[in-house]
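Read off the chains here:
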Amino acid sequence: MPTFKTRNQHFILDNEPIQIISGAIHYFRIVPQYWEDRLLKLKACGFNTVETYVPWNLHEPREGEYNFEGIPNVTEFIQTAQKLDLMVFVRPSPYICAEWEFGGLPSWLLKDANIKLRCYYEPYLEKIRAYYNVLLPKLKPFLCTENGPIIAMQIENEYGSFGNDTRYLEYIKDLFVEHGIDVLLFTSDGPADHMLQGGMVPGILETVNFGSAAKEAFNSLRRYQPDEPIMCMEFWNGWFDHWMEEHHVRDPEDVGRVFEEMLGMGASVNVYMFHGGTNFGFYNGANHIKRYEPTVTSYDYDAPLNEYGEPTKKYFLMREILTKHTGKAPLDLPKPIERKSFGTIEMTKSINLFDSLHQLSEPITSVFPKTMEELGQDYGFILYETMISGPRPKQQLFIREIHDGALIFLDNQFLGTYERWENKQPLTLEIPKEGAKLSILVENMGRINYGPLLKDHKGIIEGVHLDNQLLFNWTMYPLRLDNVNQLHFAKNPSIEYGPTFFKGELIIDKPADTIVHLDGWAKGNLFINGFNLGRYWEVGPQKTLYLPGPLLKSGMNEIILFELHGTKNKKIHFECN
Ligand code: GLA
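- For the chain, the name recorded in an unreviewed UniProt entry is beta-galactosidase, with Mesobacillus foraminis as its organism.
- Here is the UniProt Sequence similarities (unreviewed entry) comment for the chain, exactly as written: "Belongs to the glycosyl hydrolase 35 family."
- Its UniProt record gives the chain the following Catalytic activity (unreviewed entry) comment, quoted word for word: "Hydrolysis of terminal non-reducing beta-D-galactose residues in beta-D-galactosides."

Below, the structure written as structure tokens:
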């Protein structure tokens, strides 16, 4: 039976000291058809291990309903790694951070407005227990103690950056043990004192996360844990992007220097990310330090393998460093994946959101506006409508609070927007006649995945008032947009301003990867054969969307855009780059 443990400041695999050289690749950010390709490239770079998180919200989308098929097929990913003779680190934490929606926690946890997260709070622990009753037995056959590739598993994630409830960490450890998880367990934290103090569990290996200053970080770890091996569980060699910010890049030479330094110290390393992939659908997270900052669709991360799975300069530099370090000749790279230009298509059909509501959603009425979570909605948009009596002169509209962006309409006429991160003057509205319909379309742009503001409800949080008069009696339309391929589009396009669905057809001989260019479009989501590829937004930094070939088919492919603001032209382009 293979064993992996620690002894005298070393990791020991089957009685031999081993240096773990691992790369983070998240199966949930890659189409399954490409898992093997990305893992082969990891191996060809000289790595011996792959690391992945396991996002709870993907696997238990609704309480008690589990999904392990397609992209969520985590055991198939692990088996693919095993086939390629890679070892696996798994982080089923259950909180993962990772710039992933709500740090991987399922939004249905927030249905209980009083829930306490990431601490020893029974109602929260019960939900973890129920999920682990399903997840852990699936992982168990793949542990190294069962001749599988999983050599170690993580408890929670950077817990010391968030809290100091060791009993909670012990509870998760005990759940692992109860389920027969008998491989090496570890935690990972930032190297600051309070982080190590808050995140460490007696008897459990601690690792550290950082992007530079390796010596200082390991010295700090050694002060707390003198007799164990040193490992950087997240070597941040790039970074992620928020909308409305610059794209992050990190100089490969600088990355190479830190990487080489760590290897030279005999440290084990997990390169975060080795290949970042894509936040498909509505799965991007957000940060909130000074203000709310949603993460973009791409999780390119400026990683050694870019979002398209192509080796970059950083890849080849790391490969060279590893060849020198291990003395082993690198393996050949697999054949490159074809990327093609399919030209331009015209979006010929359309239907306005207001005309398609009954096709997409069942309305719910309530005295107060309710949040998405209260209505059992996880992701997407929600439309709030109420009648306002008139006539009345100009009044100011206050919405407390909008999570995260809102488009406001009076009798379907666009009035303006509110955005969570902006402090702008309230809109004014005037009703010259008997009454008017107020509509507020709210977009969930991703729940916060890091820090004390983690509990991030979506929709209208408190209430809506005109001057000081609160508005009651609302009709709400949850819009998860998981059924847009069933929409009946009008033959003659309806109104094309404001939120509208546009449909076009891409006809191709043979699928290949391609890059979607959306010049002229403002903001929305793109669906390809019903699959939500993610959000586009003209503010950037991301300007295009990566469309992996396996999402296309030979012949006709249906493209739907949900565009919030309207377009300058009705064309979209499928390019090579
Ligand atoms: C932390 C988290 C990761 C990720 C990185 C930043 O280290 O543990 O999940 O969020 O930051 O990319």
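**Topic: the pattern of salt bridges**
- Tallying each qualifying case throughout the model produces 31 salt bridges.
- We note a salt bridge from D37 to K41, for which the minimum N-O separation is 2.7 Å. Of this pair, D37 and K41 are both found in helix α1 (residues 35-44), four residues apart, which corresponds to roughly one turn of the helix. With respect to class, D37 is no different from K41; both count as buried.
- Between R62 and E65 there is a salt bridge, with its nearest N and O atoms 3.0 Å apart.

**Notes on the site of the ligand**
- For the ligand, the set of nearby residues contains 15 residues, the closest of which are Y53, E99, E158, E234 and Y301.
- A distance of 3.4 Å separates an oxygen atom of the ligand from a polar side-chain atom of W236.
- For the ligand, whose accessible area on its own is 300 Å², the fraction buried by protein is 96%.
- Looking at the shell around the ligand, its residues break down into 10 nonpolar, two polar and three charged.

**Looking at the pairing of strand β4 (residues 21-25)**
- In terms of burial, β4 is a largely internal element, five of the five residues being buried.
- Neither face of β4 is left uncovered, since the one carrying I21, G23 and I25 and the one carrying S22 and A24 both have all their residues buried.
- Pairing of β4 with strand β11 (residues 268-275) involves four bridges; the strand directions are parallel. In the strand pairing of β11, S22 is matched with N270.
- Note that β4 and strand β5 (residues 49-53) share three bridges and pair parallel.

**Let's talk about the side chain of D300**
- Structurally, D300 is set in the loop between β13 (292-294) and α9 (313-326).
- Of the side chains with opposite charge, K314 comes closest to the buried, unpaired D300, at an N-O distance of 7.8 Å.
- A distance of 2.9 Å separates a polar atom in the side chain of D300 from the backbone nitrogen of D302.
- Side-chain polar atoms of D300 contact the backbone nitrogen of E307, separated by 2.8 Å.

**Some details on the packing of helix α4 (residues 122-139) against helix α5 (residues 166-178)**
- Running from amino to carboxyl end, α4 crosses α5 at an angle of 25°, the nearest separation of the two axes being 10 Å. In terms of orientation, α4 and α5 fall into the roughly parallel class. Every pair of crossing elements has a handedness; the one defined by α4 and α5 is right-handed. Across the interface between the two elements, Y124, L125, I128, R129, Y132 and L136 from α4 touch Y168, Y171, I172, L175, F176 and E178 from α5.

**Focus on the nonpolar core**
- Among the nonpolar cores identified, the biggest contains 162 residues, and M153, F259, F501 and I572 are the most heavily contacted of them.
- Per-element tally for this core: the top contributor is α4, with eight residues.
- With 25 residues, the next largest nonpolar core counts M372, L397, I408 and V464 among its residues.

Rules used in this analysis
- Residues numbered from 1 in each chain as written.
- Predicted model: local features only at pLDDT ≥ 70, side-chain atom pairs only at ≥ 80, totals over all residues.
- Heavy atoms only, no water.
- UniProt positions renumbered as here; feature names shortened; annotations may be inferred.
- Salt bridge = Lys/Arg side-chain N within 4 Å of Asp/Glu carboxyl O.
- Helix = DSSP H or I, 4+ residues; strand = E, 2+ residues; numbered from the N terminus.
- Buried < 20%, exposed > 50% of the residue type's maximum accessible area, 1.4 Å probe, protein only.
- Near = heavy atom within 4 Å.
- Polar contact = N/O pair within 3.5 Å; in protein donor to acceptor, adjacent residues only side chain to side chain.
- Areas by Shrake-Rupley, 256 points an atom, 1.4 Å probe, with all protein chains shown as cover.
- Nonpolar A, V, L, I, M, F, W, Y, C, P; charged D, E, K, R; others polar.
- Pairing = 2+ DSSP bridges.
- Lys, Arg positive; Asp, Glu negative; His and termini not counted.
- Axes fitted to C-alpha atoms, helices over the stretch in contact; angles between N-to-C directions.
- Parallel < 35°, antiparallel > 145°, perpendicular 65-115°, else oblique.
- Left-handed = near helix turned anticlockwise from the far one by under 90°.
- Contact = heavy atoms within 4.5 Å.
- Core = buried A, V, L, I, M, F, W, Y, C linked by side-chain atoms within 4.5 Å.

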